[in-house]
Amino acid sequence: METTLNVQIDILTKITRAAQKRGISRSDLIILLIKKTMDSISDPVRIGTMVKYQKRMKPDDWHTFHIRLQMDDYEYLLDLRKLLKMSVSLILAYAVEKYLDEIIKGNITDNYQHKNYLVIKELIGNIICWKFIWGLPPNLEKLLN
């Protein structure tokens, strides 16, 4: 799947340098950053708040970055946007500030690669519950019953 991110030029420069140091593509680095953010969520739901976007800046301060994603990764981005109530571009800017140095030092690898994605609907009486599962849980059969 393909999508675009609006990235501030200074953030894209940091991403480019870090990707070169790690010997990976910018797209792969962006996925690592966002998945690290996913793994670090502690208080995700902000019910009743609007999605936050990056501060407005001059058009010359932005770059539209085209990124190709696996289907799972795209779904993670959509879920993360909903959970954090932040645009994906703002999540990326946050991840660069919080985790980029750690990635450059080699402390974060592709251990954050969630390879499976499930959405399960559960009815509890007349209440509809949705489970979004990033990864492959043990005892999957129990979840599907």
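Because the structure is predicted, anything quoted here is derived from the model rather than measured.

Chemist: Looking at this model, I keep getting lost on the pattern of salt bridges. Mind explaining?
Modeler: One side chain can pair with another of opposite charge once the charged atoms of both are near each other. Under the counting rule described, the total for this entry stands at four salt bridges. Residue Lys14 pairs with Glu97 through a salt bridge whose shortest N-O separation is 3.1 Å. Of this pair, Lys14 sits in helix α1 (residues 9-22) while Glu97 sits in helix α4 (residues 88-104); the two residues are 83 residues apart in sequence, bridging distant segments of the chain. The exposure class assigned to Lys14 is partly exposed, which follows from its relative accessible area of 34%.

Chemist: What is the right way to look at the environment of Tyr74 in this model?
Modeler: Structurally, the position occupied by Tyr74 is in helix α3 (residues 71-84). Classification of Tyr74 as partly exposed rests on a relative accessible area of 23%. Counting along the chain gives 71 residues from Tyr74 to Thr3, while the straight-line C-alpha distance between them is 8.6 Å. In contact with Tyr74, not counting residues within four places along its chain, are Met1, Thr3 and Leu69.

Chemist: Just to check I follow, could you spell out the packing of aromatic side chains for this structure?
Modeler: By convention here, two paired aromatic rings are described through the distance between centres and the angle between planes. All chains considered together, the criterion is met by one aromatic pair. When the ring of Tyr94 is compared with that of Tyr99, the centres are 6.5 Å apart and the planes differ by 85°; the resulting orientation is edge-to-face. For Tyr94, a relative accessible area of 37% gives the class partly exposed. Of the residues examined, Tyr99 reaches a relative accessible area of 5% and is grouped as buried.

Chemist: What exactly am I supposed to notice about the confidence of the model for the protein here?
Modeler: Detailed reading of the predicted model is not advised wherever pLDDT is low. Per-residue confidence for the protein gives a mean pLDDT of 84; residues scoring 70 or more make up 90%. Least confident of the elements in the protein is helix α5 (residues 140-144), whose mean pLDDT is 71; most confident is α1, at 94.

So, how was this worked out
Residues numbered from 1 in each chain as written. Predicted model: local features only at pLDDT ≥ 70, side-chain atom pairs only at ≥ 80, totals over all residues. Heavy atoms only, no water. Salt bridge = Lys/Arg side-chain N within 4 Å of Asp/Glu carboxyl O. Helix = DSSP H or I, 4+ residues; strand = E, 2+ residues; numbered from the N terminus. Buried < 20%, exposed > 50% of the residue type's maximum accessible area, 1.4 Å probe, protein only. Contact = heavy atoms within 4.5 Å. Phe/Tyr/Trp six-rings, centres within 6.5 Å; stacked < 30°, edge-to-face > 60°. pLDDT = per-residue confidence, 0-100.

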